[in-house]
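Examination of the molecular architecture
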Amino acid sequence: NLAKTPATAIKFFLVAIAGVISPFLTFIPAQAHHPFEGRVPDSFTLIEGLISGLAHPIIGLDHFLFLLSIGLLGALSIRRWIPLLLISGLLGTLCSLFLPILFPHLELIVGLSLLCSALTARGLINPAVMIPLIACHGYVLGQSMIGAEPTPLFGYLAGLLISQGTAILCGFMFLRRSIQYKNILLGVFLGAGIVFTYGAVASLI
């Protein structure tokens, strides 16, 4: 029983954190905010584009959690899919920049992506569904750079690749060290997906 005490305490701690944070997530805007909010993209420099690409997926909590969930998912079952998912995300960003068609309800899809990621990790959904979902994330992330010059765009795409790859790697390494808590972690992502999906639906009403 003594050997099980630390593990039980950690499980309780994780669940408690999830329970406290989850209600407050409904008050956080689903979309990622630009690190240079208020600036016009066509005035960005290469360095500002790079910084924006590095920060953008991290500032948006839904995007960041989704990237972490991809890392967790990769550690569980689809490690070989991760490079394809990164490419899909960048292609989504490129489509947003060069084909800036406003697809409706993208934030709803972003919220649902967390649900799908957790369900995929449980083996309930085909992993192929993650390819269009991460492309939607990339599309949303690219919208803030519409109108920027090629030089800052290059920096932005480089920053996105570094930032998203790092977040996925962190999720992957975290689960490798906490594999015994995978069900709790997946439950947290499932709960976050429900919260963000609810927030997106509520904004449409």
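We now turn to the structure provided with this report.

**Structural notes on the overall build of the protein**
- When helices and strands are tallied, the protein shows eight helices and zero strands.
- Counting from the amino terminus, helix and strand elements in the protein follow one another as α-α-α-α-α-α-α-α.
- A burial count over the protein gives 42% of its 205 residues as buried.
- Here the protein has roughly 10,700 Å² of accessible surface; of this, 74% comes from carbon and sulfur atoms.

**Notes on the environment of I109**
- Within the secondary structure, I109 sits in helix 5 (residues 106–121).
- The exposure class of I109 is partly exposed, given its relative accessible area of 28%.
- In this structure, the C-alpha to C-alpha distance between I109 and I134, residues 25 residues apart in sequence, is 9.9 Å.
- Look past the residues within four positions of I109 in its chain and what remains in contact with it is L133 and C136.

**Comments concerning the nonpolar core**
- F66, L114, M130 and F189 are the most contacted members of the largest nonpolar core, which totals 28 residues.
- Mapped onto this core, the elements with two or more residues apiece are helix 3 (61–78), helix 4 (82–98), helix 5, helix 6 (130–142), helix 7 (150–177) and helix 8 (182–204).
- Looking at this core element by element, the count peaks at eight residues for helix 3.
- The residues contacting M130, other than those within four sequence positions of it, are F66, I70, L73, L85, S113, C116, S117 and T120.

**Re the packing of helix 2 (residues 46–59) against helix 7**
- Between helix 2 and helix 7, the shortest axis-to-axis distance is 6 Å and the interhelical angle comes to 35°. Note that helix 2 runs across helix 7; the crossing there is right-handed. Residues L46, G49, L50, S52, G53, L54, H56, P57 and I58 of helix 2 form the contact with helix 7, whose own contacting residues are T151, P152, F154, G155, Y156, A158, G159, L160, I162, S163 and Q164.
- Tallied by class, residues from the contact of helix 2 with helix 7 come to 11 nonpolar, nine polar and no charged.

Thresholds applied
Residues numbered from 1 in each chain as written. Predicted model: local features only at pLDDT ≥ 70, side-chain atom pairs only at ≥ 80, totals over all residues. Heavy atoms only, no water. Helix = DSSP H or I, 4+ residues; strand = E, 2+ residues; numbered from the N terminus. Buried < 20%, exposed > 50% of the residue type's maximum accessible area, 1.4 Å probe, protein only. Areas by Shrake-Rupley, 256 points an atom, 1.4 Å probe, with all protein chains shown as cover. Contact = heavy atoms within 4.5 Å. Core = buried A, V, L, I, M, F, W, Y, C linked by side-chain atoms within 4.5 Å. Axes fitted to C-alpha atoms, helices over the stretch in contact; angles between N-to-C directions. Left-handed = near helix turned anticlockwise from the far one by under 90°. Nonpolar A, V, L, I, M, F, W, Y, C, P; charged D, E, K, R; others polar.

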